[in-house]
Amino acid sequence: MSFVYMKILESRPERYDIGMGLLTLGSLPKIKERIAEHTQSGNKVLDLGCGTGTLGQMCIEKGAQVTGVDANSGMLEVAKRNSPSANYLNISLSNLDEHFSDESFDIILSTLAFSELTHAERVHVLKQIKRIFSDNQITFCYCISEYPTAFNRIQWNEAKKYDGFSDHTLGI
């Protein structure tokens, strides 16, 4: 049910943040704040499925350089208003390999977008993340907040199994 509601909200990007706040009972902004706390000045951050740019803006406020990607052009228009200093690309997560060179980001974030990917797409995206993730040992983190935390851990363990990740999620 939450997936359907998310899709409805995505069709009205200007109302997305309010609707997601309701859907997650107010927890999504708190989750984004906890994630942003792990960024610092100078970090190169990639926000996968950046939506309306709220997480990117929180990272920018910590001094990070943010690139946001999203396949929904309407969401990106809102993101550009919410966080004009970020760089935005209107691309699918499946096409990361066409747009980013090896080791180009220190931190790679994603809230909610992984829940919309099939198993095969997740594996492909995680392989690309591993390739574009810098070798400086900063944590890659993602959360799928519409599912229980245990599901997130399962997804992360699956990612490690397929791609050899040794980093960890934030446990959100």
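Novice: Help me understand the nonpolar core, please; the structure alone is not making it clear to me.
Specialist: In terms of nonpolar packing, the biggest core is built from 17 residues, with Leu46, Leu48, Val69, Phe100 and Ile108 touching the most fellow members. When residues in this core are grouped by element, the largest group, 4 residues, is from helix α6 (residues 119-132). Ranked by size, the runner-up nonpolar core spans 16 residues in total, among them Cys50, Val66, Ala79 and Ile107.

Novice: Could you clarify how one ought to interpret the packing of aromatic side chains in this entry?
Specialist: Note on aromatic pairs: each is described by the distance of the centres and the angle between the planes. All chains considered together, the criterion is met by 1 aromatic pair. On the basis of an interplanar angle of 80 degrees and a centroid distance of 5.2 Å, the ring pair of phenylalanine 100 and phenylalanine 105 is categorised as edge-to-face. You'll find phenylalanine 100 and phenylalanine 105 in the same group, each marked buried.

Novice: Looking at this structure, I do not really get the pattern of salt bridges. What am I missing?
Specialist: Side chains that carry opposite charge are capable of pairing whenever their charged atoms lie near each other. Using the criterion set out here, one finds 3 salt bridges in the structure. We note a salt bridge from lysine 80 to glutamate 77, for which the minimum N-O separation is 3.8 Å. Within this pair, lysine 80 and its partner glutamate 77 are both found in helix α5 (residues 73-82), separated by 3 residues, close to a single helical turn. Judged by its relative accessible area of 41%, lysine 80 is partly exposed. Glutamate 77 sits in the partly exposed class, given a relative accessible area of 42%. Across the salt bridge formed by arginine 131 and aspartate 102, the nearest N and O atoms sit 2.8 Å from each other. Taken together, the positions of arginine 131 in helix α6 and aspartate 102 in the loop between β3 (87-89) and β4 (107-111) put the pair 29 residues apart, joining distant regions of the chain.

Basis of the calculations
- Residues numbered from 1 in each chain as written.
- Predicted model: local features only at pLDDT ≥ 70, side-chain atom pairs only at ≥ 80, totals over all residues.
- Heavy atoms only, no water.
- Core = buried A, V, L, I, M, F, W, Y, C linked by side-chain atoms within 4.5 Å.
- Buried < 20%, exposed > 50% of the residue type's maximum accessible area, 1.4 Å probe, protein only.
- Helix = DSSP H or I, 4+ residues; strand = E, 2+ residues; numbered from the N terminus.
- Phe/Tyr/Trp six-rings, centres within 6.5 Å; stacked < 30°, edge-to-face > 60°.
- Salt bridge = Lys/Arg side-chain N within 4 Å of Asp/Glu carboxyl O.

Shape descriptors only; they carry no functional weight alone.
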